[in-house]
Amino acid sequence: MKGPTVKQAIAALCAQCGICCDGTLFKDVQLRESDDPERLEALGLPVVRPRVRVGSVKGTQGGGQSPAKFPQPCAALAGCKCRIYRERPAHCREFECGLLLACVAGRVTVPKAQEIIGRTLGKADAVRGLLEQLGNVEGRGGLGHRFRRVCRRLERDGASGRDGARFGRLTRGMHALNLMLGDYFYPGYRYD
Ligand code: SF4
Ligand code: SF4
């Protein structure tokens, strides 16, 4: 089966997805040497820099330090679109999820890929709703990160009957979401 071009696949899939930018797939995006942190900050990305040591360059990478990064959900995401698309960082330019690649390779049809995206978005929304019901309302950080914060708090403080039931649903929802992300979206997925 012949697949669409990368451009066609991005138009058909990414335009209704955005899970590599909204905190579902990643908790942050690391900058590369080729990125300009000051420019990205001016474009509205809240770049978090490592502590500057002697020898580091522009706050991106220095000897053994972690690189500068910005958190997800991305501040540049508007609906499913990147509002700084032409100036997006290197990692964003290079990233193509497993589902997109499988679609381009003709291993999964566009309608099937859209159906997978719809199901994954539904699972992610359910997880977000349960996180909020359990008091994680600020929406910052990746979903996995937020889930672990809720786990730690409930382990420390305990959960009432209603919160206990919600936490059960959240745990099952997170597990189902992670299975879908692992099956279809993380790089390496090859719909064989
Ligand atoms: S996760 Fe894949 S399909 Fe979704 S927006 Fe990112 S690259 Fe596109
Ligand atoms: S800069 Fe654009 S492509 Fe990169 S994470 Fe943010 S919204 Fe997505």
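Residue indices follow the written sequence of each chain, beginning from 1 at its first position. To label them, take the chains in the order written and letter them from A, then take the ligands in the order written and number them from 1. It should be noted that, the model being predicted, local features are given only for residues of pLDDT at least 70 and side-chain atom pairs only at 80 or more, the latter also being counted only at that level, while totals for whole chains, interfaces and linings use all residues.

**Here we look at the site of ligand 1**
Each residue receives a C-beta atom built from its backbone; the residue is near a molecule or strand if that atom lies within 6 Å of it. Residues in contact with ligand 1, as listed here, are Leu13, Cys14, Cys17, Gly18, Ile19, Cys20, Glu96, Cys97, Leu99, Leu100 and Phe185. Note on residue categories: nonpolar means Ala, Val, Leu, Ile, Met, Phe, Trp, Tyr, Cys or Pro, charged means Asp, Glu, Lys or Arg, and polar means any other residue, Gly included. Along the lines of polarity and charge, the residues of the shell around ligand 1 split into nine nonpolar, one polar and one charged.

**Overview of helix H7 (residues 161–185)**
For H7, spanning 25 residues, the distance from its first C-alpha to its last is 35 Å, which sits close to the expected 36 Å at 1.5 Å a residue. Two residues qualify as being in contact provided that their C-beta atoms, derived from the backbone, are within 7 Å of each other. By definition, any uninterrupted DSSP run of H or I lasting at least four residues is a helix, any uninterrupted run of E lasting at least two residues is a strand, and each is numbered from the N terminus. Where the residues of H7 are buried, they touch helix H4 (98–104), helix H5 (110–133) and helix H6 (143–157). A helix is expected to span 1.5 Å for every residue after the first.

**Observations concerning the environment of proline 4**
Looking at the element boundaries, proline 4 is found in the segment before helix H1 (6–12). The exposure class of proline 4 is partly exposed, given the 18 C-beta atoms found within 10 Å. Sequence separation between proline 4 and valine 104 is 100 residues, and the spatial gap between their C-alpha atoms is 5.2 Å. Using C-beta atoms placed from the backbone, we call a residue buried if 20 or more other C-beta atoms fall within 10 Å of its own, exposed if 12 or fewer do, and partly exposed for counts in between.

**What about the nonpolar core?**
Counting residues in hydrophobic clusters, the biggest one holds 41 residues, and the most contacted among them are Leu13, Leu99, Cys103, Val127 and Leu170. Among the elements of the structure, H4, H5, H6 and H7 are those that each provide at least two residues to this core. With seven residues, H5 is the largest single contributor of residues to this core. Each residue touching cysteine 103, except ones within four places of it in the same chain, is listed here: Gly3, Pro4, Ala9, Leu13, Val108, Val110 and Ala113. Among buried residues, those of type Ala, Val, Leu, Ile, Met, Phe, Trp, Tyr and Cys that are joined through C-beta atoms within 7 Å form a set called a nonpolar core.

**Comments concerning the packing of H5 against H6**
Comment: axis = line fitted to C-alpha atoms, over the contacting stretch for helices; angle = value between 0 and 180 degrees taken between N-to-C directions. Relative to each other, H5 and H6 sit at 30°, their axes nearing to 11 Å. Crossing geometry of H5 relative to H6 is assigned as left-handed. Residue-level inspection shows Ala124, Val127 and Leu131 of H5 in contact with H6, the latter providing Leu143, Arg146, Phe147 and Val150. Of the residues that constitute the contact of H5 with H6, the class distribution is six nonpolar, no polar and one charged. Handedness of each helix crossing follows the sense of rotation of the near helix against the far helix: counterclockwise by less than a right angle gives left-handed, clockwise gives right-handed.

**What to know about H5**
Between its first and last C-alpha, H5 extends 35 Å over 24 residues, near the 34 Å set by a 1.5 Å rise per residue. Here H5 has its buried residues at Ala113, Ile116, Ile117, Thr120, Lys123, Ala124, Val127, Leu130 and Leu131. Packed against the buried residues of H5 are H4, H6 and H7.

**Overview of the confidence of the model for the protein chain**
In low-pLDDT regions, the fine details of the predicted coordinates are not to be read closely. The predicted model of the protein chain averages 90 in pLDDT, with 90% of residues at 70 or higher. By mean pLDDT, H6 is the weakest element of the protein chain at 92, and H5 is the strongest at 97. What pLDDT expresses is the predictor's confidence in each residue, scored from 0 to 100.

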